[in-house]
Amino acid sequence: MVQVPNFEDIKLVAKNAGLDDLSVAGVEPLTEARIAIEDRKNRGLHAGMHFTYGNPERATDPSQLFEGARSVLVALRSYKAPSVGHFEVWNAETGVAGGGPEGLVASYVCSDEYGMLRQGLRAVASYLESFGARAEVVMDDNRLADRAIAAKAGLGWLGRNTMLLHPELGSWTVIGSVVTDMSLNEEPEKLSDGCGTCRRCSVDCPTGAIDEFGVLDANRCLAWLLQAKGIFPRQYRAALGSRLYGCDDCQVLCPVNDTAIDGARTAVPRESTVDIIALLDSSDEELMDQYGHWYIPRRRPEYLRRNALVVLGNSQSEDDPEVERVLANCLASPQPLVRSHAIWAALRLGMRYLIGPDEVTSMTEGDEDGLVRAELDEWGILADPVSS
Ligand code: B12
Ligand code: SF4
Ligand code: SF4
């Protein structure tokens, strides 16, 4: 028979491997989570996302992770909240950048937190294996709803903003699990809701994506729209402000995070702001080299340019000759997605003079999906290509 290690020893292994809290849950189905996922899918709030929506039954049944799975060790790794300075580059009231064409990157990607989390979970799995157990790491994977299993393990409550809120670490955490055939301690009590009457995340979300408690409308969530295929929806372009990757707003203003312990760890730091001009000047290869660790729709760099152009359009940097130069280049891009967003950016910055009749003719060539024509039409330019 397999000897079961002391739970405190497992916690110590986790702590030494850079994990900030660890608890255990059984493998019974996460029925509430399954109902929530199916409900959102039925109401179209998932915006066509796959992830756990692809197979909700499997994603909420940890016993399906492998035959004989009996317990799930769930761990949190906390990461640094964005600094105040990080947010000073945009003005929350107008949603436009104040410090030149810079794009903001969400905090969870400003260092390799997922890499560090996986490393920590691997250490825990190896420890269990040394006792003869089977142990597998599952994190940020379509096969398991991470927040639901963490809540079941008593690591926090699911907040209005849908985040797992740990009473001490707040929501600045990433979540992962080690599933094992070892039968570990009973799971602790689930924590009850700590949001109370607070509604800040809902009120402060720039697109109103959190109307109902704990329910996110992904069709309106900037974090999703930056990762979604197709054009960036026109009605949310101004609201994007200078966010280039991810969105942290519903966490920044959450009072639970005011008292959160800072998980200032030594994960390798990465860029927290991006020079938009440099991004738009980069080749496909350079872009994938630099930002390949991001989730980029279809792995196509034109989506990075699409997002950067929306940020540029919001940047109020119309007096910068470099902005004019890159916009002129983007208006002549071979990619219709890039041209159409460059039109929006140029016009939002008041640079109608960049789009004369000759440009309209060349831009609408090879526009198979009609993206360029639709954007020009939106601004009345197809009907009147001459006035500027
Ligand atoms: C798809 C996805 C997204 C989508 C959709 C997120 C969403 N809220 O649905 C998008 C791209 C928008 C996204 C954004 C972000 N994400 Co994300 N994402 C995921 C992923 C891959 C699946 C989530 C999922 O299944 N959603 C379906 C919904 C229904 O499930 P859920 O989000 O878990 O919601 C639960 C609760 O809301 C609750 N619930 C639902 N309805 C109701 C109703 C009531 C009344 C109550 C009380 C509860 C409740 O039950 C649900 C199931 O447990 C997970 C990884 C994973 N495998 O779990 C990461 C994950 C959720 N994301 C994470 C992060 C860090 C983010 C961002 C902060 C990144 C950023 N800065 O941009 C933002 C936060 C935006 C937000 N407020 O959610 C972390 C969350 C860590 C934490 N402490 O909570 C996860 C767990 C990744 C990880 N392994 O660490 N994400
Ligand atoms: S991530 Fe941003 S857009 Fe999405 S719900 Fe939170 S505040 Fe709103
Ligand atoms: S801002 Fe308020 S309502 Fe939203 S998650 Fe934080 S405590 Fe809950």
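What you see is a predicted model, and the numbers here were worked out from it, not measured in a lab.

### Observations concerning the overall build of the protein
So, point 1. A count of helical and extended segments in the protein gives 17 helices and 11 strands.
So, point 2. Relative to a compact globule of 388 residues, whose C-alpha radius of gyration would be 21 Å, the protein shows 23 Å and is just as compact.
So, point 3. Projected onto its principal axes, the C-alpha coordinates of the protein cover approximately 80 × 45 × 40 Å.
So, point 4. When each of the 388 residues of the protein is scored for burial, the buried share is 52%.
So, point 5. Considering only intrachain contacts with a sequence separation of at least 6, the fraction spanning at least 24 residues in the protein is 75%.
So, point 6. Of the roughly 17400 Å² that the protein leaves accessible, carbon and sulfur atoms contribute 48%.
So, point 7. Here the protein holds 37 positive side-chain charges and 58 negative ones, and the gap between their average locations is 4 Å.

### A closer look at the site of ligand 2
So, point 1. Around ligand 2, the structure places Cys205, Pro206, Thr207, Ala209, Ile210, Leu216, Cys221, Leu222, Cys247, Asp249 and Cys250.
So, point 2. Per-class residue counts for the shell around ligand 2 are 9 nonpolar, 1 polar and 1 charged.

### Brief notes about the pattern of salt bridges
It is possible for side chains bearing opposite charge to pair when their charged atoms get close.
So, point 1. Per the counting criterion, the structure on display carries 21 salt bridges.
So, point 2. Note that Asp21 and Lys11 form a salt bridge whose closest N and O atoms lie 3.9 Å from each other. Remark: Lys11 occurs in helix α1 (residues 7–16) and Asp21 occurs in strand β1 (residues 21–26); sequence separation between them is 10 residues.
So, point 3. In this structure Lys11 comes out as partly exposed when scored by relative accessible area, which is 30%.

### As for helix α13 (residues 302–313)
So, point 1. With 12 residues, α13 extends 16 Å between its outermost C-alpha atoms, agreeing within 8% with the 16 Å of an ideal straight helix rising 1.5 Å per residue.
So, point 2. Most of α13 sits inside the fold, with 12 of its 12 residues counted as buried.
So, point 3. The complete set of buried residues in α13 reads Glu302, Tyr303, Leu304, Arg305, Arg306, Asn307, Ala308, Leu309, Val310, Val311, Leu312 and Gly313.

### Some points on the nonpolar core
As a rule of thumb, soluble globular proteins bury nonpolar side chains together.
So, point 1. Of all hydrophobic cores here, the largest spans 86 residues; its most connected members are Leu279, Leu280, Trp294, Leu309, Leu327 and Ile355.
So, point 2. Broken down by element, the residue count for this core peaks at 8 residues, all from helix α15 (residues 336–348).
So, point 3. No fewer than three residues from each of domain 1 (7–80 + 110–180) and domain 2 (282–388) sit in this core.
So, point 4. Among residues more than four places away in sequence, those in contact with Leu279 are Leu244, Val274, Leu287, Tyr291, Leu304, Arg305 and Ala308.
So, point 5. Listed in part, the 23 residues of the second largest apolar core include Leu19, Ala133, Ala135 and Trp172.

### Section: the packing of α15 against helix α17 (residues 371–378)
So, point 1. Contact pair α15 / α17: the axes reach a minimum separation of 8 Å and the direction vectors enclose 10°. Put simply, α15 runs roughly parallel to α17. Along the contact surface, α15 presents Pro336, Leu337, Arg339, Ser340, Ile343 and Trp344, while α17 presents Leu371, Val372, Glu375 and Leu376.
So, point 2. Per-class residue counts for the contact of α15 with α17 are 7 nonpolar, 1 polar and 2 charged.

### What about the pairing of strand β5 (residues 102–105)?
So, point 1. Sheet topology places β5 next to strand β11 (residues 273–275); 3 bridges connect them, and they run antiparallel. Considered in β11, the bridge of Gly103 is made with Val274.

### Section: the environment of Ile343
So, point 1. In this fold, Ile343 is placed in helix α15.
So, point 2. Taking the C-alpha atoms as reference points, Ile343 and Gly292, 51 residues apart in sequence, are found 26 Å from one another.
So, point 3. Once residues lying within four places of it in the same chain are set aside, the contact partners of Ile343 are Leu331, Ile355, Met363, Val372, Glu375 and Leu376.

### Here's the deal with the domain arrangement of the protein
When the parts of a complex come together, some accessible area is lost, and that lost area is often used as the size of the interface.
So, point 1. Domain boundaries assigned for the protein yield domain 1 (7–80 + 110–180) and domain 2 (282–388).
So, point 2. Computed over C-alpha atoms only, the centres of domain 1 and domain 2 are separated by 40 Å.

### Things to note about the packing of aromatic side chains
So, point 1. By the definition in use, this model includes 7 aromatic pairs.
So, point 2. Consider the rings of Tyr291 and Trp294, whose centres lie 4.7 Å apart with planes at 35°: the pair is tilted. As far as burial versus exposure is concerned, Tyr291 and Trp294 are alike and both buried.
So, point 3. Here a set of aromatic residues connected by ring pairs shows up, and it is made of Phe51, Trp224 and Tyr295.

### Side note on the sheet that holds strand β2 (residues 71–78)
So, point 1. With respect to topology, 4 strands assemble into an open sheet ordered β1-β2-β9-β6, the strand pairing being antiparallel. Of all the strands in the sheet, the pair left with one neighbour each is β1 and β6 (135–138). Here the average twist between neighbouring strands, direction ignored, is 25°.
So, point 2. Pairing between β2 and strand β9 (residues 173–180): 8 bridges, direction antiparallel. Looking at the pairing, Val72 lines up with Val179 of β9.
So, point 3. Sheet strands in contact with α1 are β1 and β2, and its direction is about 130° off that of β1.
So, point 4. Against the sheet, helix α5 (residues 113–129) contacts β2, β6 and β9, and its axis sits at roughly 25° relative to β9.

### Considerations on the confidence of the model for the protein
So, point 1. Mean pLDDT over the protein: 92, with 94% of residues reaching 70 or higher.
So, point 2. Every residue in residues 89–98 scores below 50 in pLDDT, and together they form 24 contacts with partners more than four places removed in sequence or on other chains.

### Focus on unusual backbone geometry
So, point 1. The phi torsion at Phe51 lies on the positive side, around 40°, for a residue other than glycine.
So, point 2. With respect to the helices and strands, the residue Phe51 is situated in the loop between α2 (31–42) and α3 (56–59).
So, point 3. Residue classification places Phe51 among the partly exposed residues on the basis of a relative accessible area of 31%.
So, point 4. Not every positive phi belongs to a glycine, and Arg299 is a case in point at roughly 55°.
So, point 5. Its location among the elements puts Arg299 in the loop between α12 (284–291) and α13.

The rules behind the values
- Residues numbered from 1 in each chain as written.
- Chains lettered and ligands numbered in written order.
- Predicted model: local features only at pLDDT ≥ 70, side-chain atom pairs only at ≥ 80, totals over all residues.
- Heavy atoms only, no water.
- Helix = DSSP H or I, 4+ residues; strand = E, 2+ residues; numbered from the N terminus.
- Rg over C-alpha atoms; globule rule 2.2 N^0.38 Å.
- Buried < 20%, exposed > 50% of the residue type's maximum accessible area, 1.4 Å probe, protein only.
- Contact = heavy atoms within 4.5 Å.
- Areas by Shrake-Rupley, 256 points an atom, 1.4 Å probe, with all protein chains shown as cover.
- Lys, Arg positive; Asp, Glu negative; His and termini not counted.
- Charge placed at Lys NZ, Arg CZ, Asp CG, Glu CD.
- Near = heavy atom within 4 Å.
- Nonpolar A, V, L, I, M, F, W, Y, C, P; charged D, E, K, R; others polar.
- Salt bridge = Lys/Arg side-chain N within 4 Å of Asp/Glu carboxyl O.
- Expected span 1.5 Å × (residues − 1).
- Core = buried A, V, L, I, M, F, W, Y, C linked by side-chain atoms within 4.5 Å.
- Domains from an automatic or database assignment.
- Axes fitted to C-alpha atoms, helices over the stretch in contact; angles between N-to-C directions.
- Parallel < 35°, antiparallel > 145°, perpendicular 65-115°, else oblique.
- Pairing = 2+ DSSP bridges.
- Phe/Tyr/Trp six-rings, centres within 6.5 Å; stacked < 30°, edge-to-face > 60°.
- pLDDT = per-residue confidence, 0-100.

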